[in-house]
Amino acid sequence: MITPVLLCGGSGTRLWPLSRKGYPKQFTRLIGERSLFSASAARLAGPGFSAPVVVTGSDFRFVVSEQLLAEGIDPAAVLIEPEARNTAPAVLAAALHLGAADPDALILIAPSDHAIADAAGFRATVQAGVAAAKAGQIVTFGITPTRAETGYGWLELEGMAEEAVALKRFVEKPDATHAKAMLAAGNFLWNAGIFLFTARTIIAAYEAHAAGLVGPVRAAVEAARADLGFLRLDADAWAKAESISVDYAVMEQAANLSVVPFSGGWTDLGGWDAVATEMGSDAEGNSLSGAATALGCSGTLLRSDSDGVELVGIGLTNIVAIAMKDAVLVADKSRAQDVKLAVEALKAKGAKQAEAFATDHRPWGWFETLALADRFQVKRIVVKPGATLSLQSHMHRSEHWIVVSGTARVTIGDDVRLVSENESVYIPLGVKHRMENPGRLPMVLIEVQTGAYLGEDDIIRYEDVYSRGQGAKG
């Protein structure tokens, strides 16, 4: 059996404003009805695969659980990184965790933000690499190129075959001239960053080529503590691990790499140009999503991801325009890879849109800010059936709650009551309070905050069914 390890700690800044640090692309419905993470988990389930291990950050642990539950998948483990340290520590942590039970466990490392059209074909390709992995090879899966792509790294092979072939070298993202030459040569593939190996093999590779990572990551795994259904890696040990990609730390140093080609359609959706390709286009080459209208446009992506926002393009050529409630991106398609520069510029000027959404997801549901000004804020809050917010208080604000749909069970000090539609309650500053949804349908309320400071970090938690600590999200 192969154990998939799904890596989902990236922030996907090239797909801003839809993908942000607060809720990155792997969890969004970027293409189709599933999120990329859900599709990845489903693709690697079934015969030949055991329950997945997920490596993610603390803020996304409940999103991971919710989306896996929707797919009917019960993970073997969800490892929580105390902080993002790139892919090398994450891969090693998963290998050490699985290798403790079975040193010869077969492990498939799979980023959770890729789109693969032929799921069955991909599973068959993975199986084609099993023999080489059991023999001590680190197997990577190269994508048969369809164009002279400059946005991907490439793999040069010793030859070409249907099964594992020795890797000659990694090639960094090339310029257009070199990309054309590699495409014509026929023995180059795109580097998908997907790997198959045994726990024993990859741990030995780290010990040989990235020994400095082994001690801190092993200590973080051995000192990990259970937290609800998650496994929190030890923060002090994890902080000592170098932040580095697995390619640089291990793969480009190792001599025992083999490659299996895959031709079933793959993209890492690394920019809006790639998204447009996956969406398909009309006769003029336009890709439209949501409330978008193209007049006299060609080769243009128009996407509105907010209800009530109509996006209209007139006379545009090779343009990307993405409209959301709190941010709009307009760029030439040829500059799609530079969207990350916009995120850096917004961070430098202190714009919250660089990393956060107007809609904020929590384990109990979500909320969005409808109005924010000096000393007041209005939110719409949606609480999932059976969900409960923490018992909390605030030092700088009071709150009014008005239920607009469903019924809330509200705790205010020692008073517990049911609040139905069109009813409201007042929570004075400093008083302990809690909100629950005892019903079977989502409960919706409007919250009006008033006070000198309205930040999300003005929360003191006393009890929490989700075992969060203090702070905005805990």
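Throughout, residues of each chain are indexed from 1 in the direction in which the sequence is written. In view of the model being predicted, local features appear only for residues whose pLDDT reaches at least 70, and side-chain atom pairs are presented and counted only at 80 or more, with totals across whole chains, interfaces and linings using the full set of residues. Hydrogens and water molecules were not included; the side-chain quantities draw on all heavy atoms of the structure.

**Student:** With reference to specific residues and values, describe helix H8 (residues 211-222).
**Tutor:** Secondary structure follows DSSP: runs of H or I at least 4 residues long count as helices, runs of E at least 2 residues long count as strands, and numbering of each begins at the N terminus. Helix span, as expected, comes to 1.5 Å for every residue beyond the first. A rise of 1.5 Å per residue sets the reference length of H8, with its twelve residues, at 16 Å; its end C-alpha atoms lie 17 Å apart and thus fit the reference within 8%. Taken together, the buried positions of H8 are occupied by Leu213, Val214, Pro216, Val217, Ala220 and Val221. Working definition: with a 1.4 Å probe on protein chains only, accessible area under 20% of the residue-type maximum means buried, over 50% means exposed, and in between means partly exposed.

**Student:** How would you explain the sheet that holds strand S21 (residues 365-373) if you had to name every residue and give the values?
**Tutor:** Taken in spatial order, the six strands make up an open sheet running S20-S21-S22-S29-S24-S27, and their pairing is antiparallel. The open sheet has two free edges, formed respectively by strand S20 (359-362) and strand S27 (424-427), since each of these has just one partner strand. Pairwise comparison of adjacent strand axes, ignoring direction, gives a mean angle of 20° for this sheet. In this analysis, strands are considered paired if DSSP registers two or more bridges between them. Bridge analysis of S21 against strand S22 (residues 376-383) gives eight bridges, and the strand direction is antiparallel. Within S22, the position partnered with Glu368 by the bridge is Arg380. Here an axis means a line fitted to C-alpha atoms, over the contact stretch when the element is a helix, while the angle between two N-to-C directions is reported on a 0 to 180 degree scale.

**Student:** Please provide a residue-by-residue account of the pattern of salt bridges, values included.
**Tutor:** Any Lys or Arg side-chain nitrogen found within 4 Å of a carboxyl oxygen on Asp or Glu counts as a salt bridge. Taken as a whole and assessed by the stated rule, the structure comprises 25 salt bridges. One salt bridge in this structure joins Asp464 and Arg468, with 2.9 Å as the shortest N-O distance. Residue Asp464 is classed as buried on the basis of its relative accessible area of 17%.

**Student:** Explain the sheet that holds strand S16 (residues 301-304) residue by residue, including any values.
**Tutor:** Reading across the sheet, the four strands line up as S14-S16-S18-S19 and stay open at both edges, with mixed pairing between neighbours. Bordering the open sheet on either side are strand S14 (287-289) and strand S19 (328-332), each of which pairs with just one other strand. Neighbour-to-neighbour, the strand axes of the sheet open up by a mean angle of 5°, direction not taken into account. Strand direction decides the pairing type here: strand S18 (residues 319-323) and S19, joined by five bridges, are antiparallel. Bridge pairing in S19 links Val320 to Ala331.

**Student:** Break down a nonpolar patch on the surface for me, citing the residues and quoting the values.
**Tutor:** Taken together, Leu295, Val312 and Ile314 make up a surface patch of nonpolar side chains, about 300 Å² in accessible area. Inspection of the secondary structure assignment puts Ile314 in strand S17 (residues 311-314). Surface patches are defined over residues having more than 30% relative accessible area and no salt bridge, joining like charges when they lie within 9 Å and nonpolar side chains (Val, Leu, Ile, Met, Phe, Trp, Tyr) when within 5 Å. Note on areas: these come from Shrake-Rupley sampling with a 1.4 Å probe, and a residue is covered only by the protein chains present in the view.

**Student:** Summarise the side chain of Glu399; cite the residues concerned and give the values.
**Tutor:** Within the secondary structure layout, Glu399 lies in strand S24 (residues 397-405). For Glu399, the side chain forms a polar contact with the side chain of His394, separated by 3.0 Å. Think of a polar contact as two N or O atoms within 3.5 Å of one another; within protein, one of them needs to be a possible hydrogen donor and the other a possible acceptor, and neighboring residues in sequence only count if both atoms come from side chains. A distance of 3.4 Å separates the side chain of Glu399 from the side chain of Trp401, its partner in a polar contact. Contacts are assigned to residue pairs with any non-hydrogen atoms lying within 4.5 Å of each other. Residue contacts for Glu399: discarding those within four places in its chain leaves His394, Val425, Tyr426, Ile427, His433, Glu447, Val448 and Gln449.

Just distances and angles here, no functional claims.
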